[in-house]
Amino acid sequence: MTVSVTGATGFIGRRLVQRLHADNHRIHVLTRSRSKAELIFPVKDFPGIVIAEEPGWKDCIQGSDGVVNLAGLPISTRWSSEIKKEIKQSRIRVTSKVVDLINDAPDAVRPTVLVSATAVGYYGSSETQVFDERSPSGNDYLAEVCREWEATALRVNKDVRLALIRIGVVLGKDGGALAKMIPLFMMFAGGPLGSGKQWFSWIHLDDIVNLIYEALSNPSYKGVINGTAPNPVRLTEMCEQLGNVMGRPSWLPVPDLALKAVLGEGASVVLEGQRVLPARAKELGFPFKYSYVKDALKAILS
Ligand code: NDP
């Protein structure tokens with residue numbers, strides 16, 4: 001299979017490219033910065049990989065079997081009004097470009113599948129509700145971003161199979177929220193973040209990569225699919241498990257303010273969570289490698 005990937009240089013994308021490359025697929029890395037991508041994917045380790053900046057995306061997409069769209073300005077940052085605008089616009093801009101290139105492609109070279117990222121922020125936040133793919137969208141800023149992001153992907157040609165993956169908080173060692181939370185957790189000896197009652201819908205990096213990989217090749221993966229583990233936890237439990245795995249006591253609450261200092265207003269992703277279940281992935285029989293946060297954290301931190 002030939003696969004074009006936007007956001008390939010990011011936390012999830014890097015692992016996805018490694019996985020695709022290991023399985024001998026041809027990969028087109030669609031990036032804003034060739035030099036950055038060349039450092040991340042050196043030719044000696046990734047022979048045959050194609051790296052393209054604009055305007056080279058067109059030739060890459062036309063001729064690919066599938067496209068994975070992961071690009072967007074990171075959310076875990078300080079949110080000025082400018083940044084908020086760019087968080088939304090970066091996702092809409094790249095998704096729109098990808099969709100236009102797919103739609104404009106002659107039939108013979110049009111990719112047959114688009115796997116496009118979105119986020120569980122779609123549902124808004126709640127300490128009591130349980131959300132699955134049929135649940136309505138929330139009414140906060142992140143819900144609005146996700147709705148518009150998804151609506152842009154939905155413009156893709158109807159002959160192209162579209163899988164929209166609503167991703168939860170991805171747990172992995174070298175990036176994402178966990179990498180930022182661990183030093184903070186160490187500093188405060190670890191304890192609940194904020195009130196601790198908020199839900200934390202997490203997924204291990206290996207599982208989100210496997211889910212995207214499966215969505216590329218399996219025609220049953222279509223429409224919205226939540227990319228979250230089967231057992232979301234409240235933040236208190238997440239912190240307790242993190243404390244256990246790290247061999248540190250879990251007794252001092254980490255103040256919201258400290259979390260906001262490292263994650264910016266993007267801390268809301270952690271501080272105002274939602275309980276999201278992967279109903280579709282379970283229906284599809286997706287084999288989660290990590291269903292429990294304890295096992296995921298052990299695998300990441302050991
Ligand atoms: P990263 O932040 O690690 O990487 C995203 C990539 O997007 C970058 O490598 C970059 O690629 C590109 N990018 C960054 N800023 C911009 C911009 N202003 N305009 C266009 N492109 C930009 O993301 P993740 O790998 O963590 O996540 C991938 C996608 O999944 C994101 O869209 C994210 O919102 C979503 N998601 C992630 C979650 C997580 O926990 N990680 C949770 C929920 C959703 P380049 O420089 O090569 O162009």
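Residues numbered from 1 in each chain as written. Predicted model: local features only at pLDDT ≥ 70, side-chain atom pairs only at ≥ 80, totals over all residues. Heavy atoms only, no water.

Caption draft 1: Highlighting the overall build of the protein chain. What the protein chain contains, in helices and strands, is 12 helices and 13 strands. Taking 2.2 N^0.38 as the reference for a compact globule, 302 residues should give roughly 19 Å; the C-alpha atoms of the protein chain span a radius of gyration of 19 Å, in line with that estimate. C-alpha atoms of the protein chain, sized along the principal axes, occupy 60 × 45 × 40 Å. Looking at the 302 residues of the protein chain, the share that counts as buried comes to 54%. Taking as baseline every contact in the protein chain between residues at least 6 positions apart, the subset at least 24 positions apart corresponds to 80%. Total accessible area on the protein chain is roughly 13200 Å²; 52% of this is exposed by carbon and sulfur atoms. One way to put it: in the protein chain the 36 positive side-chain charges average out to a point 2 Å from where the 31 negative ones average out. (Helix = DSSP H or I, 4+ residues; strand = E, 2+ residues; numbered from the N terminus. Rg over C-alpha atoms; globule rule 2.2 N^0.38 Å. Buried < 20%, exposed > 50% of the residue type's maximum accessible area, 1.4 Å probe, protein only. Contact = heavy atoms within 4.5 Å. Areas by Shrake-Rupley, 256 points an atom, 1.4 Å probe, with all protein chains shown as cover. Lys, Arg positive; Asp, Glu negative; His and termini not counted. Charge placed at Lys NZ, Arg CZ, Asp CG, Glu CD.)

Caption draft 2: Geometry of the environment of Gly223. By the element assignment, Gly223 lies in strand 11 (residues 223-227). You can call Gly223 partly exposed: its relative accessible area is 30%. Residues Gly223 and Leu164 lie 59 residues apart in sequence; the distance between their C-alpha atoms is 5.8 Å. For Gly223, the residues in contact, after removing those within four places along its chain, are Leu162, Ala163 and Leu164.

Caption draft 3: Representation of unusual backbone geometry within the structure. The omega torsion of the bond from Glu54 to Pro55 falls at 5°, within 30 degrees of zero and hence cis. Even without glycine at this site, Asn24 takes up a positive phi of about 70°. Along the chain, the position of Asn24 falls in the loop between helix 1 (11-22) and strand 2 (26-30).

Caption draft 4: Spatial organisation of the packing of helix 4 (residues 81-104) against helix 5 (residues 141-153). It is at 8 Å that the axes of helix 4 and helix 5 come closest, and there the two elements cross at 10°. With respect to each other, helix 4 and helix 5 are oriented roughly parallel. On the side of helix 4, the interface is formed by Lys84, Ile87, Lys88, Arg91, Ile92, Thr95, Ser96 and Val99, while helix 5 contributes Tyr141, Glu144, Val145, Glu148, Trp149, Thr152 and Ala153. Residue composition of the contact of helix 4 with helix 5, grouped by class: seven nonpolar, three polar and five charged. (Axes fitted to C-alpha atoms, helices over the stretch in contact; angles between N-to-C directions. Parallel < 35°, antiparallel > 145°, perpendicular 65-115°, else oblique. Nonpolar A, V, L, I, M, F, W, Y, C, P; charged D, E, K, R; others polar.)

Caption draft 5: Quick peek at helix 7 (residues 205-217). The end-to-end C-alpha separation of helix 7 is 19 Å, in line with the 18 Å expected for 13 residues at 1.5 Å each. The buried fraction of helix 7 is high, at 10 of 13 residues. Where helix 7 is concerned, the buried positions are Leu205, Asp206, Asp207, Ile208, Val209, Leu211, Ile212, Tyr213, Ala215 and Leu216. (Expected span 1.5 Å × (residues − 1).)

Caption draft 6: A look at the side chain of Gln241. Along the chain, Gln241 falls in helix 8 (residues 235-246). The exposure class assigned to Gln241 is buried, which follows from its relative accessible area of 13%.

Caption draft 7: Molecular detail of the nonpolar core. Membership of the largest hydrophobic core comes to 39 residues, with the highest contact counts inside it found for Val5, Ile12, Val68, Val115, Ile165 and Ile208. Of all the secondary-structure elements, those providing two or more residues to this core are strand 1 (2-6), helix 1, strand 2, strand 5 (113-119), strand 7 (161-167) and helix 7. Among the elements that line this core, the one with the most residues is helix 7, at eight residues. Among all residues touching Ile208, those that are not within four sequence positions of it are Ile12, Ile165, Ile167, Val170, Ile203 and Gly227. The next biggest cluster of nonpolar side chains, apart from the first, holds 19 residues, and it includes Val233, Leu242, Tyr290 and Val293. (Core = buried A, V, L, I, M, F, W, Y, C linked by side-chain atoms within 4.5 Å.)

Caption draft 8: Quick look at the packing of aromatic side chains. Considering all chains together, one arrives at four aromatic pairs under this definition. Taking the centre distance of 5.3 Å and the plane angle of 85° together, the rings of Tyr122 and Tyr123 count as edge-to-face. For Tyr122, a relative accessible area of 13% puts it in the buried group. On the accessibility criterion, Tyr123 (3% relative accessible area) is buried. Judged by centre distance (5.3 Å) and plane angle (15°), the rings of Tyr123 and Phe131 are stacked. Since its relative accessible area comes to 4%, Phe131 is described here as buried. Feature note: the residues Tyr122, Tyr123 and Phe131 constitute an aromatic cluster, connected by ring pairs. One residue, Arg166, lies across the ring of Tyr122, its end atom 3.5 Å from the ring centre. Arg275 extends its terminal NZ or CZ atom over the ring of Trp199, reaching a point 4.4 Å from the ring centre. (Phe/Tyr/Trp six-rings, centres within 6.5 Å; stacked < 30°, edge-to-face > 60°. Lys NZ or Arg CZ within 6 Å of the ring centre and 35° of its normal.)

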